[in-house]
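# Fold and contact review
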Amino acid sequence: MAINVTAYNEIIQSLENTATLVAVSKLKPSSDIELMYNLGQRNFGENYVQELVNKYDQLPKDILWHFIGHLQSNKVKYIAPFVHLIHGVDSLKLLQEINKQAIKNNRVIPCLLQVHIAQEETKFGFDDAELANINWEEINKLSGVSIVGLMGMASFSENENKVRNEFKHLKNVFLKLQATHSNLQIISMGMSGDYLMAIEEGSNMIRIGSLLFGNR
Ligand SMILES: *Cc1c(COP(=O)(O)O)cnc(C)c1O
């Protein structure tokens, strides 16, 4: 078997229904996804548009597909008909394009705003100041999208304190926003290396790839 069933069962048990597992299958074959589907897994995450579209075509239609990568505006149209949740929305321009394509497909597409929580420069997302200045009036006019939560990626670091503080920060930002935007329910944080800590810090959606499917 090309997937780690033991790890899968351990993760599912540790979640105790408090968080949703998104199995990140990027760069892995559809046959691996089928194996995990047969264990009962339905939420899968992908980073690349063309790969996601191919897998959508090949695989059972009750899979909930999460787009977790960096999405380019000109590619939104390919996933708009079926995507379940877009995690990495990092600009109003992208949100407007998702809205446009959603309306064309008679859909409301749930989205997460990506928040820049890592100290590393390379990660995408809104920083604190940008988030505080987001024009919610503008966003609320977009009838084809619904902002249902936040997503963040912590630093790739051995420094547990640093990673933990980044998760704590995202949770605080989330709680603050939620006070005025009750639609915000999802806090997507935690990957193979840090998901236990992410859950301790209040994650309710984890995105796990290599622990389940092996190294890419
Ligand atoms: C690849 C990826 C993951 C999964 O990473 P692993 O370390 O393999 O668990 C999670 N989130 C995002 C945004 C990713 O790009």
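What you are looking at is a predicted structure, and each value in this text was computed from that prediction instead of being measured.

Here helix α8 (residues 160-180) is 21 residues long and its end C-alpha atoms lie 31 Å apart, about the 30 Å a rise of 1.5 Å per residue gives. All of the buried residues in α8 are Val163, Glu166, Phe167, Leu170, Val173, Phe174 and Leu177. Taken end-on, α8 shows its buried residues confined to a sector of 120°, consistent with a single buried face. Exposed and oriented more than 90 degrees from the buried face of α8 are Glu160, Asn161, Lys176 and Ala179.

Glancing now at the packing of aromatic side chains. For the structure on display, the rule yields two aromatic pairs. Between the aromatic rings of Phe44 and Trp65, the centroid separation amounts to 6.1 Å while the plane-to-plane angle is 45°, which identifies the pairing as tilted. Here Trp65 lies in strand β3 (residues 64-67) and Phe44 lies in strand β2 (residues 43-46), a separation of 21 residues in the sequence. Assessed through its relative accessible area of 0%, Phe44 is described here as buried. Since its relative accessible area comes to 1%, Trp65 is described here as buried. Look at Tyr56 and Phe82: their rings are 3.8 Å apart centre to centre, the planes differ by 10°, and that puts the pair in the stacked class.

Here the focus is the pattern of salt bridges. As enumerated under the stated definition, the model contains eight salt bridges in all. Measuring nitrogen to oxygen at the nearest pair gives 2.6 Å for the salt bridge that ties Glu201 to Arg164. With Glu201 in the loop between α9 (195-200) and β8 (205-208) and Arg164 in helix α8, this pair connects stretches of sequence that are 37 residues apart. Across the salt bridge formed by Lys168 and Glu201, the nearest N and O atoms sit 3.1 Å from each other. Of this pair, Lys168 sits in helix α8 while Glu201 sits in the loop between α9 and β8, and the two are 33 residues apart along the sequence. Of the residues examined, Glu201 reaches a relative accessible area of 12% and is grouped as buried. Within this structure, Arg164, Lys168, Glu200 and Glu201 form a network of salt bridges that share partners.

One finds Ile79, Ile86 and Ile98 to be the most contacted residues of the largest nonpolar core, which totals 61 residues. Sort the elements by how many residues they give to this core and α8 lands first, with six residues. Ranked by size, the runner-up nonpolar core spans seven residues in total, among them Val22, Leu85, Leu112 and Met151.

Glancing now at the site of the ligand. In the vicinity of the ligand there are 13 residues, among which Lys26, Asn47, Ser192, Gly209 and Ser210 approach most closely. Between the ligand and the protein, one listed contact pairs an oxygen atom with a side-chain N or O atom of Lys26 at 2.8 Å. Measuring from an oxygen atom of the ligand, one finds a backbone N or O atom of Gly209 at 2.8 Å. Here the ligand has 390 Å² of accessible area as a free molecule, and 90% of this is covered by the chains. Given that more than half its atoms are within 2 Å of the pocket grid, the ligand belongs to the largest pocket. Looking at the shell around the ligand residue by residue, the classes come out as six nonpolar, four polar and three charged.

Conventions adopted
- Residues numbered from 1 in each chain as written.
- Predicted model: local features only at pLDDT ≥ 70, side-chain atom pairs only at ≥ 80, totals over all residues.
- Heavy atoms only, no water.
- Helix = DSSP H or I, 4+ residues; strand = E, 2+ residues; numbered from the N terminus.
- Expected span 1.5 Å × (residues − 1).
- Buried < 20%, exposed > 50% of the residue type's maximum accessible area, 1.4 Å probe, protein only.
- Arc of directions from axis to C-beta.
- Phe/Tyr/Trp six-rings, centres within 6.5 Å; stacked < 30°, edge-to-face > 60°.
- Salt bridge = Lys/Arg side-chain N within 4 Å of Asp/Glu carboxyl O.
- Core = buried A, V, L, I, M, F, W, Y, C linked by side-chain atoms within 4.5 Å.
- Near = heavy atom within 4 Å.
- Polar contact = N/O pair within 3.5 Å; in protein donor to acceptor, adjacent residues only side chain to side chain.
- Areas by Shrake-Rupley, 256 points an atom, 1.4 Å probe, with all protein chains shown as cover.
- 1 Å grid on protein atoms, 1.4 Å probe; cavity = no way out; pocket = protein on both sides within 12 Å on 5 of 7 lines; lining within 4 Å.
- Sits in = over half its atoms within 2 Å of the grid points.
- Nonpolar A, V, L, I, M, F, W, Y, C, P; charged D, E, K, R; others polar.

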